[in-house]
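Tertiary structure, described
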Amino acid sequence: RPLVDPVPPVPALYVSFGFSIFALLATIYLVPALGPTFVKANLKGRDLLKVYNTPIPESMGLVCASVYILLLILFIPFAFSPTSLNGSQAQYTVREGMVINAFPHYQLSVYLSSILSLLIATMLGFLDDIFDIRWRHKIPIPIIASIPLLMVYYADNGNTHIVVPIPFRPFFGSLLNLGPLYYLYMSLLSTFSTNSINILAGINGSEVSQAVVIALSVVLNDLLYLPWPTGFRVPLHLLGSRAEVEVGGVWSAGMAYGSTELVERHLFSLYFMLPLVGVCLGFLYHNWYPSRAFPGDTLCYVTGMAFAVVGIQAHFSKTLLLFFLPQIFNFILSCPQLFGLVPCPRHRVPRFDPDTHFLYPSKTQFLKRTSQLTTVVLRVLEGLGCTELTTLPDGTILEATNLTLFNVLLLRLGPMREKRLTQALIVVQVAGSVVAFVVRYGLAYLVYDG
Ligand code: UD1
Ligand code: MG
């Protein structure tokens, strides 16, 4: 890897930012323009939490995915042009008297394999919208879709070591090689990120606002790793003492080694996240209460895969998972319904009262006596305030509120209107990201010394 100037490849980053604004405008324009075409193709859904029956165009995430992926492809010449490769990194360099091709083929394969995974996610999401694929069929597909990413990770001497938290060091030592398990973990990450957004869905604006907050959190995290001029570093220091050390460390590493691999990786992540923020914000404009377009599974899958892609390729999958705290909570809470302990209706969205327009926790009914395991699980969740049970005097459970984050919010904060619930979700998601930054840069030193 040839050494290059410490100056970041700013031109490409500016171009990426420009592309993101174009993505925003294109989505704002295209979604309503193509809506009737989608309805005509029978891609439509009824808004479950409204009094009206107007068909709303569904799967409009396909428009977002198309704009997003086409812009990522158009961006390739900019990301790999000589000027954005820092000028000094000419395509051919002379090393030990030989002319060698210094074009960054590895980075290009990172980029192309990422686009491939995004395309598979789009295809899967769209097929799911059309055919309502069964769970057992849709779980393995993102795992297979992540193979190109993992191969590229492997090609770069992929690190499969984890730093062991201090309390566990007497047992495992300070560095633990997970080997193939680490690849398994990364492939499951793509399944998790794609499906976890999809099951925290059903109220106007919920899917895409989760994506916006997570993408902005990733962008903020990436910005911490760019070699900022000294003046810009001051506000970053406010993020916490550890951030200061991190940024300072990266900065000095940048000075010593030119654009470090770390800077390159986070630039790559920015190239994928900025246009995603653009399409998602554009779509949110139409998907906000009252929705004029639905994202469908396509949007959930594409955004989820984009997060998995940057987490894996830019080597920050654990930080990324921290940005998914509300989704992790919703997934763990949903497990009894996803794995058949508790009946799972087709829609678990809150119950809508057409008279007051308020949302109430929705319920699932038990047609037969609950097994011992189910009873224990439900009683524990009830004790934790995550569900409310309707029981007979002898303790037989008749009903339980559906096990979703939305219902927990409604149980804890009381009934509210749909728009309020989406706003509550956004607050939870932002709070999750704040916790993530505190854990990553503020508390990590308690369990890690590096
Ligand atoms: C997932 C959830 C399901 C939830 C559904 C809502 C699990 C296991 N599955 O299923 O509980 O009800 O998402 O998206 O948790 N819709 C609205 N308002 C919105 C968005 C969607 O009413 O703001 C309705 C529309 O009727 C739309 C339908 O939800 O047609 C889309 O549902 P779909 O994405 O197919 O459901 P799943 O992802 O299978
Ligand atoms: Mg869905």
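It should be noted that the structure appears before, not after, this text.
Quick caveat: nothing in here was measured; it's all calculated off a predicted structure.

Turning to the side chain of Ser217, a few remarks are in order. Of note, Ser217 is situated in helix α10 (residues 206-223). Residue Ser217 is classed as buried on the basis of its relative accessible area, which comes to 6%. Engagement of the side chain of Ser217 in a polar contact is seen with the side chain of Ser433, the distance being 2.7 Å. Excluding residues within four positions of it along the chain, Ser217 makes contact with Phe323, Ser433 and Phe437.

What follows is about the coordination of the magnesium ion (ligand 2). Around the magnesium ion (ligand 2), the protein contributes the donor atoms Asn198 (OD1) and Asp297 (OD), which lie 2.0 to 2.1 Å from the metal centre. On the criterion of sequence distance, the pair formed by Asn198 in helix α9 (residues 180-198) and Asp297 in helix α14 (residues 296-313) is long-range, its members being 99 residues apart. An identical accessibility class is assigned to Asn198 and Asp297; each is buried.

Okay, the nonpolar core next. In this structure, Tyr68, Tyr111, Phe272, Met273, Leu276 and Phe307 are the most contacted members of the largest nonpolar core, which totals 83 residues. Sequence-distant contacts of Leu276, that is, excluding residues within four places in its chain, are made with Tyr68, Ala215, Thr303, Ala306 and Phe307.

When the terminal C-alpha atoms of helix α17 (residues 372-383) are compared, their 16 Å separation across 12 residues agrees well with the 16 Å that a helix rising 1.5 Å per residue should span. Looking at α17, one finds that the buried residues are Thr374, Leu378 and Leu381. On an axial view of α17, the arc spanned by its buried residues comes to 60 degrees, and they lie on one face. Residues of α17 that are exposed and angled more than 90 degrees away from the buried face: Gln372, Leu373 and Gly383. Buried-residue contacts for α17 involve α16 (325-338), β10 (389-391) and β11 (397-401). Immediately downstream of α17, the backbone of Gly385 shows phi near 80 degrees, a positive value.

Hydrogen bonds between backbone groups are what pair the strands of a sheet, and the pairing can be parallel or antiparallel. Within the open sheet, the 3 strands sit side by side as β7-β8-β12. Their pairing is antiparallel. Both outer strands of the open sheet, β7 (351-353) and β12 (416-417), are each paired with one neighbouring strand and no more. Where β7 lies against strand β8 (residues 358-360), 3 bridges are found, and the strand directions are antiparallel. Among the inter-strand pairings, Phe352 is bridged to a residue of β8, identified as Leu359.

So, on to the packing of helix α4 (residues 105-131) against α14. One way to put it is that α4 packs onto α14 with a least axis distance of 8 Å and a crossing angle of 155 degrees. As judged from the angle between their axes, α4 and α14 are roughly antiparallel. Note on packing geometry: the crossing formed by α4 with α14 is right-handed. Judged by residue contacts, Val110, Ser113, Ser114, Ser117, Leu118, Ala121, Thr122, Leu124, Gly125, Phe126, Asp128 and Asp129 of α4 engage Gly296, Asp297, Thr298, Tyr301, Val302, Met305, Ala306, Val309 and Gln313 from α14.

Our next topic: the state of the cysteines. Using the criterion set out here, one finds 0 disulfides in the structure. Take Cys335: it sits in no disulfide, and the sulfur closest to it among the cysteines is that of Cys344, at 11 Å. Assessed through its relative accessible area of 40%, Cys344 is described here as partly exposed.

Calculation criteria
Residues numbered from 1 in each chain as written. Chains lettered and ligands numbered in written order. Predicted model: local features only at pLDDT ≥ 70, side-chain atom pairs only at ≥ 80, totals over all residues. Heavy atoms only, no water. Helix = DSSP H or I, 4+ residues; strand = E, 2+ residues; numbered from the N terminus. Buried < 20%, exposed > 50% of the residue type's maximum accessible area, 1.4 Å probe, protein only. Polar contact = N/O pair within 3.5 Å; in protein donor to acceptor, adjacent residues only side chain to side chain. Contact = heavy atoms within 4.5 Å. Donors = N, O, S within 2.8 Å, 3.2 Å for Na, K, Ca; no water. Core = buried A, V, L, I, M, F, W, Y, C linked by side-chain atoms within 4.5 Å. Expected span 1.5 Å × (residues − 1). Arc of directions from axis to C-beta. Pairing = 2+ DSSP bridges. Axes fitted to C-alpha atoms, helices over the stretch in contact; angles between N-to-C directions. Parallel < 35°, antiparallel > 145°, perpendicular 65-115°, else oblique. Left-handed = near helix turned anticlockwise from the far one by under 90°. Disulfide = S-S within 2.5 Å.

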